[in-house]
Amino acid sequence: MRMKRVLVTGAGGFVGARIMAQLGGQLELVAAPAGALRSAGPEEVERLVDAAAPDVILHTAAISDTGYCEQHPEESRRANVELPVQLARAARRAGAGLVAFSSDQVYAGLEGPGPFDETVPLRPANVYGRHKREAEERVLDQLDSAVLLRATWMYDLPGDGLPVRGNLPLNLLAAANEGRTLAFSAGDRRGVTWVRQAVENLPAALDWPGGVYNFGCESDGDMYATALAFCRLLGLDEPPVEKACWQRCLAMDGGKARRLGAAFDGTAEGFARCLAARNK
């Protein structure tokens, strides 16, 4: 069987670089040139897609820093709404599929304990979440076969020359090394996923029916308990963690993706796998 030809945007980024490193044996991967889409207009996007001639576009490029998006909403709109919509149009024109990352931040602002499935009415509480929700709607208007993956907060540890960014275990290690404490709330629930396991699940997602999917570890505890579990697995005898009190729920019900074959560990189990892989 011929490998799927997949155009990867953001191929040098946190998720994209791991796609390129992990999936080359399963997919024919074509990296979009670095920076080529940053200010590209619709015609340039179409030319890039036509030149790559992909079966599927795997769109990982984004501005995902929620604070930055809040301060720079126009940049966020360009990266997180307009670009995926342009890619959807180009994919439709080229007869290609599209799989793009959305975010659990679309659930910010909802009340209740969760977990939330994909059908719950949304009212995102921040710019990033609002833009991701708008992108989902507009992409599916352009290309109803598109797959939108609502990803959790993802993490990895340094290794294999791949880029890293601030994430839960690195934040905990930095705080411990610097003698600082980080505040986590027992009223805050969300999934936290090893990015390499998310990448493992992507080949199957390329064939899912069009629509929106919760994608990642399902929350099995509050963030205060999760932070303490990560500290224990990291061997931090004095966890740099203090208990705070605020309410938020981004916990997602992953049943829709699970029924199509997605497989994610529990939160602590996923981090144990991450550590084991690093120590090989």
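Residues numbered from 1 in each chain as written. Predicted model: local features only at pLDDT ≥ 70, side-chain atom pairs only at ≥ 80, totals over all residues. Heavy atoms only, no water.

**Section: the pattern of salt bridges**
Then, number 1: Following the criterion strictly, the structure yields 20 salt bridges and no others.
Then, number 2: Among the ionic pairs, Asp207 bridges to Lys4, the shortest N-O distance being 2.8 Å. With Asp207 in the loop between α8 (202–205) and β10 (211–215) and Lys4 in the segment before β1 (5–9), the pair connects residues that are 203 residues apart, well separated along the chain.
Then, number 3: With relative accessibility at 53%, the residue Asp207 sits in the exposed group.
Then, number 4: For Lys4, a relative accessible area of 27% gives the class partly exposed. (Salt bridge = Lys/Arg side-chain N within 4 Å of Asp/Glu carboxyl O. Helix = DSSP H or I, 4+ residues; strand = E, 2+ residues; numbered from the N terminus. Buried < 20%, exposed > 50% of the residue type's maximum accessible area, 1.4 Å probe, protein only.)

**As for the nonpolar core**
Then, number 1: Residues Val6, Ile19, Phe101, Leu149, Met154, Leu202 and Trp208 are the most contacted members of the largest nonpolar core, which totals 28 residues.
Then, number 2: In this structure, Trp208 is in contact with Val147, Leu149, Tyr213, Phe215, Ala257, Leu260 and Ala262, ignoring residues within four places of it in sequence. (Core = buried A, V, L, I, M, F, W, Y, C linked by side-chain atoms within 4.5 Å. Contact = heavy atoms within 4.5 Å.)

**Let's talk about the packing of aromatic side chains**
Then, number 1: Applying the stated rule across the entire model yields 8 aromatic pairs.
Then, number 2: Between Phe101 and Phe215, the aromatic rings sit 6.3 Å apart at their centres with planes inclined by 75 degrees, giving edge-to-face as the arrangement. Taken together, the residues Phe101 in strand β4 (residues 97–103) and Phe215 in strand β10 connect sequence positions 114 residues apart. In this structure, Phe101 and Phe215 share a single accessibility class: buried.
Then, number 3: Here the aromatic residues Phe101, Trp208, Tyr213, Phe215 and Phe264 are joined through ring pairs into a cluster of three or more.
Then, number 4: In this arrangement the basic side chain of Lys256 is found over the ring face of Tyr213, its NZ or CZ atom lying 4.4 Å from the centre. (Phe/Tyr/Trp six-rings, centres within 6.5 Å; stacked < 30°, edge-to-face > 60°. Lys NZ or Arg CZ within 6 Å of the ring centre and 35° of its normal.)

**So, the packing of helix α9 (residues 223–234) against helix α11 (residues 267–278)**
Then, number 1: Packing of α9 against α11 leaves a shortest axis separation of 10 Å and a crossing angle of 25 degrees. In terms of orientation, α9 lies roughly parallel with respect to α11. Pair α9 / α11 crosses with right-handed handedness. Packed against α9, whose contacting residues are Thr226, Phe230, Leu233 and Leu234, the element α11 presents Thr267, Ala268, Phe271, Ala272 and Leu275 at the interface. (Axes fitted to C-alpha atoms, helices over the stretch in contact; angles between N-to-C directions. Parallel < 35°, antiparallel > 145°, perpendicular 65-115°, else oblique. Left-handed = near helix turned anticlockwise from the far one by under 90°.)

**A look at unusual backbone geometry**
Note: most peptide bonds trans; most residues except glycine with negative phi.
Then, number 1: In this structure, the amide linkage connecting Gly114 to the following residue, Pro115, adopts the cis form with an omega of 0 degrees.
Then, number 2: Among the secondary structure elements, Pro115 is positioned in the loop between β4 and α5 (127–142).
Then, number 3: You will see that Ala53, though not glycine, has its phi angle at about 45 degrees, which is positive.
Then, number 4: Inspection of the secondary structure assignment puts Ala53 in the loop between α2 (42–52) and β3 (56–59).
Then, number 5: For Asp160, which is not glycine, the phi dihedral falls at a positive 60 degrees.
Then, number 6: If you trace the backbone, Asp160 turns up in the loop between β6 (153–155) and α6 (168–178).
Then, number 7: A relative accessible area of 67% means that Asp160 is categorised as exposed.

**Considering the sheet that holds β10**
Then, number 1: Spatial strand order, β2-β1-β3-β4-β5-β10: 6 strands in an open sheet with parallel pairing. Taken across any chain shown, the strands that pair with only one partner, and hence form the sheet edges, are β2 (28–31) and β10. Here the average twist between neighbouring strands, direction ignored, is 25 degrees.
Then, number 2: Looking at chain direction, β1 and β3 are connected through 4 bridges and run parallel. (Pairing = 2+ DSSP bridges.)

**Considering the packing of α6 against α9**
Then, number 1: At a minimum axis distance of 10 Å, the contact between α6 and α9 shows a crossing angle of 70 degrees. The pairing of α6 with α9 is recorded here as roughly perpendicular in orientation. In this structure, the crossing between α6 and α9 has a hand that is right-handed. Taken together, the residues of α9 that come into contact with α6 (itself represented by Leu168, Pro169, Leu172 and Leu173) are Met223, Thr226, Ala227, Phe230, Cys231 and Leu234.
Then, number 2: Looking at the contact of α6 with α9 residue by residue, the classes come out as 9 nonpolar, 1 polar and no charged. (Nonpolar A, V, L, I, M, F, W, Y, C, P; charged D, E, K, R; others polar.)

**A word on the pairing of β3**
Then, number 1: Covered by surrounding structure in β3 are Val56 and Leu58 together with Ile57 and His59, the residues of both alternating faces.
Then, number 2: Bridge count for β3 against β4 is 4 bridges, and the pairing is parallel. Within β4, the position partnered with Leu58 by the bridge is Val99.

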